[in-house]
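# Coordinate inspection notes
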Amino acid sequence: MTAEIMQQAEQVIAKTYQRFPVVLETGSGCTLVDTSGRRFIDFVAGIAVCNLGHAHEGITRAVIRQAQALWHVSNLYYTVPQVELAAWLVAHSFADRVFFCNSGAEANEAAIKLARKYFYDRGEKGRFTIVAMEQSFHGRTMATLSATGQSKIRKGFDPVLPGFEFVPFNDIQALRDKVGSSTCAVLVEPVQGEGGVRCPDADYLKAMRQICDETGALLIFDEIQTGMGRTGRLFAHEHFKVQPDIMTLAKALANGLPIGAMLASEKVAGAFGPGAHASTFGGTPLVSAAALEVCRTLVDNHVIEQGRKSGEYFREKLEALQKRHDCVVEVRGLGLLLAMELNIAGKSIVDGCMQRGFLINCIQEKILRFVPPLIISREEIDALMGCLDELLGADTAVA
Ligand SMILES: *Cc1c(COP(=O)(O)O)cnc(C)c1O
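Quick look at the structure, then. Please read these numbers as outputs of a predicted model, since none were measured by experiment.

The rules behind the values
- As a convention, each chain's residues are numbered from 1 in the sequence order in which they are written.
- Only residues with pLDDT of at least 70 get local features here, since the model is predicted, and only at 80 or more are side-chain atom pairs given and counted; chain-wide, interface and lining totals rely on the full set of residues.
- As a rule here, side-chain values cover all heavy atoms of the structure and leave hydrogens and water aside.
- Each residue is tested against the molecule or strand, and it is near if at least one of its non-hydrogen atoms lies within 4 Å.
- Polar contacts, as counted here, are pairs of nitrogen or oxygen atoms within 3.5 Å of one another; within protein the pair requires one atom able to donate a hydrogen and one able to accept it, and residues that are adjacent in sequence qualify only if both atoms are side-chain atoms.
- All accessibility values rest on the Shrake-Rupley procedure with a 1.4 Å probe; residue burial counts only the protein chains present in the view.
- Think of it this way: any DSSP run of H or I at least four residues long counts as a helix, any run of E at least two long counts as a strand, and we number them from the N terminus.
- Ten residue types, Ala, Val, Leu, Ile, Met, Phe, Trp, Tyr, Cys and Pro, are classed as nonpolar, four, Asp, Glu, Lys and Arg, as charged, and the remainder, Gly among them, as polar.
- Criterion for a disulfide: a pair of cysteine sulfur atoms within 2.5 Å.
- Each pair of strands is called paired provided DSSP finds at least two bridges between the two strands.
- Between N-to-C directions, angles span 0 to 180 degrees; the directions come from axes that are lines fitted to C-alpha atoms, helices contributing only their stretch in contact.
- Whether two residues are in contact is decided by their heavy atoms: any pair within 4.5 Å suffices.
- Pairing of aromatic side chains requires ring centres within 6.5 Å, counting the rings of Phe and Tyr and the six-membered ring of Trp. Pairs whose planes differ by under 30 degrees are stacked, by over 60 edge-to-face, and all others tilted.
- Accessible area is worked out with a 1.4 Å probe on protein chains only. A residue is then buried under 20% of its type maximum, exposed over 50%, and partly exposed in between.
- Put simply, a salt bridge is a Lys or Arg side-chain nitrogen that is within 4 Å of an Asp or Glu carboxyl oxygen.
- Angles below 35 degrees are treated as roughly parallel, those above 145 as roughly antiparallel, those between 65 and 115 as roughly perpendicular, and all remaining angles as oblique.
- Crossings are assigned a handedness: left-handed for a near helix turned anticlockwise from the far helix by less than a right angle, right-handed for a clockwise turn.
- By nonpolar core is meant a set of buried Ala, Val, Leu, Ile, Met, Phe, Trp, Tyr and Cys residues that side-chain atoms within 4.5 Å join together.

## Structural notes on the site of the ligand
Every residue lining the ligand is accounted for by S103, G104, A105, N108, F137, H138, G139, E189, D222, I224, Q225 and K251. A distance of 3.2 Å separates a nitrogen atom of the ligand from a polar atom in the backbone of F137. The side chain of Q225 places a nitrogen or oxygen atom 2.8 Å from an oxygen atom of the ligand. The protein chains hide 80% of the 380 Å² of surface that the ligand would expose on its own. The biggest single contributor to the shell around the ligand is helix 5 (residues 104–121), with 3 residues. Residue classes in the shell around the ligand are distributed as 3 nonpolar, 6 polar and 3 charged.

Structural data, given as structure tokens:
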């Protein structure tokens, strides 16, 4: 069956993904099982999505309960789960209002539209430029692609949307030089995810806030990957004691059901009146009920603290590996958003891990990324370390 499914996929599914030869069928906690019964410990978590692991009892129960009650109504009407989710997000963040959509890219689309509309409403019609970072990732729609500072992702889709400029991440002077009276917003991931798990210098986001305040530009944090406890706090910007005007969420917000959210302060959110923006599926009661249960579980059950401690343990273990293997260039990250940069291609390590029952991810060719569920155990981390120690050793021996 496994081979048949893979063969059929090659015939009927768009060729946008390079897939590993495995058909995943069930999951529980941090373990996935494929169609031939092989088990894998999951250090990918759907790319920082399943923060509470697979088949989580409480979330599953909440989804079933809501599925039996009501899946979907138009945003022409109120529903209880959507309002409760928005209230939870407002109570736990800088924000006053929430717009719901269905993905990260859509959340960033909403943020870009809101920032432009904000200055339009103020009569500053020429003020539409967004300054984003080199090596950033904000999505694959035309606007978010235009905001993404990686040429390989933009290639073939010109002309991209006008009004986006780029500066190197962590370069305060470059930002100061670029941001001016025609800048409507600065857009940044507090920790760059797809670009290679790059952390901001201690004072970088604070300086960014200051530059925005001086010029009147809005500050947008894309916390789609870093949010919902991934970095050891509910939102990564809490580490740096800096608040944005707009924040986008998606990925882990409903632990794998599709949802996106754009949060904004009252001052900025006012630019979205009736008819300014909309989404058919945005904040449907089913996904909202799931997301609300995710939010409550993360905070009320202290899962974020647990993840932060596991992240520290994980990082120490990766640093120990770095000392033992010359092919490891750097270990970096925050919480359970961790990376190990190599001076060799990561593909053989990822393949080797998979053969030994571990799913890990490689980005930018040489960077191994680890984003397991926040409930990952020390035993599971130790098991991966044994596997990596063996594989990295083998590669050093060959080199
Ligand atoms: C994944 C991601 C996105 C895009 O989210 P989609 O749901 O795939 O559209 C945007 N920004 C960041 C930082 C991401 O990690």
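## What to know about the state of the cysteines
By definition, a disulfide is the covalent link that joins the sulfur atoms of two cysteine residues. Taken as a whole and assessed by the stated rule, the structure comprises 0 disulfides. For C212, which is in no disulfide, the shortest distance to another cysteine sulfur is to C184 and amounts to 10 Å. C295 forms no disulfide, and the closest cysteine sulfur to it belongs to C101, at a distance of 14 Å.

## Some remarks on the sheet that holds strand 14 (residues 361–363)
Taking strand neighbours across the sheet as the criterion, the 4 strands line up as 11-12-15-14 in an open arrangement whose pairing is antiparallel. A strand with exactly one partner marks an edge of an open sheet, and here the two such strands are strand 11 (328–334) and strand 14. Neighbour-to-neighbour, the strand axes of the sheet open up by a mean angle of 25 degrees, direction not taken into account. The sheet strands contacting helix 12 (residues 303–324) are strand 11, strand 12 (337–342) and strand 15 (367–370), and the helix crosses strand 11 at an angle near 170 degrees.

## Some points on the environment of G311
Note that G311 resides in helix 12. Residues G311 and I259, 52 residues apart in the sequence, show an inter-C-alpha distance of 26 Å. Apart from the residues within four sequence positions on either side, G311 is in contact with G335, L336 and L338.

## Quick notes on the packing of aromatic side chains
Aromatic ring pairs are reported here in terms of the distance separating the ring centres and the angle at which the planes meet. Overall, the coordinates contain 5 aromatic pairs when judged by the stated rule. Geometrically, the ring pair formed by F43 and F314 is edge-to-face, given 5.8 Å between the ring centres and 85 degrees between the ring planes. One end of the pair, F43, is in the loop between strand 3 (39–42) and helix 2 (45–48); the other, F314, is in helix 12, and 271 residues separate them in sequence. Take F43 and F314: they sit in the same class, and that class is buried. Here the aromatic rings of F314 and F370 are separated by 5.4 Å at their centres, their planes lie at 45 degrees, and the arrangement is tilted. One end of the pair, F314, is in helix 12; the other, F370, is in strand 15, with 56 residues separating them in the sequence. Both residues of the pair, F314 and F370, count as buried.

## So, the pairing of strand 10 (residues 260–264)
Each regular strand displays side chains that alternate between the two surfaces of the sheet. Across the 5 residues of strand 10, 5 count as buried, placing the element largely inside the fold. Burial along strand 10 is two-sided: the face carrying G260, M262 and A264 and the face carrying A261 and L263 are both buried. Pairing geometry for strand 4 (residues 97–101) and strand 10, over 5 bridges, is antiparallel. Within the sheet, the bridge partner assigned to R97 lies in strand 10 and is A264. Of the strand pairs in this sheet, strand 9 (residues 246–249) and strand 10 are connected by 4 bridges, and their pairing is antiparallel. Looking across to strand 10, one finds that T248 is bridged to M262.

## Quick look at the pattern of salt bridges
Opposite charge on two side chains permits them to pair, given that their charged atoms come into close proximity. Summed over all chains, the structure comprises 16 salt bridges. Between E124 and R122 there is a salt bridge; the shortest N-O distance is 3.3 Å. When its relative accessible area of 25% is taken as the criterion, E124 is described as partly exposed. D389 serves as the salt-bridge partner of R324, at 2.8 Å between the closest nitrogen and oxygen. Separated by 65 residues along the polypeptide, R324 in helix 12 and D389 in helix 14 (residues 378–398) bring together distant segments of the chain. Among the charged side chains, a network of salt bridges with common partners joins R122, E124 and R127.

## Quick look at the packing of helix 3 (residues 57–69) against helix 11 (residues 285–300)
It is at 9 Å that the axes of helix 3 and helix 11 come closest, and there the two elements cross at 155 degrees. Taken together, the axes of helix 3 and helix 11 lie roughly antiparallel to each other. Judged by the twist between their axes, the crossing of helix 3 over helix 11 is right-handed. On helix 11, the residues touching G58, I59, A62, V63, Q66 and A67 of helix 3 are P285, L286, A289, A290, E293, V294 and T297. When its residues are assigned to classes, the contact of helix 3 with helix 11 shows 9 nonpolar, 3 polar and 1 charged.

## As for the nonpolar core
Counting 60 residues, the largest nonpolar core has F314, M340, I360, F370, L384 and L388 as its most contacted members. Ranked by size, the runner-up nonpolar core spans 27 residues in total, among them I130, I220, M262 and F272.

## What to know about the side chain of D34
Within the element layout of this structure, D34 appears in strand 2 (residues 31–34). Among the polar contacts listed, one links the side chain of D34 to the backbone nitrogen of R38, at a separation of 2.8 Å. The contact partners of D34, leaving out residues within four places of it in the chain, are V22, V23, L24, E25 and F40.

## Digging into the sheet that holds strand 13 (residues 358–359)
Strand order in this open sheet of 4 strands is 1-2-3-13, and the pairing throughout is mixed. Each edge of the sheet is formed by a strand with only one pairing partner; in this case those strands are strand 1 (24–28) and strand 13. Judged from the 2 bridges that link them, strand 3 and strand 13 form a sheet pairing that is parallel. Directly across from D42, in strand 13, lies its bridge partner L359.

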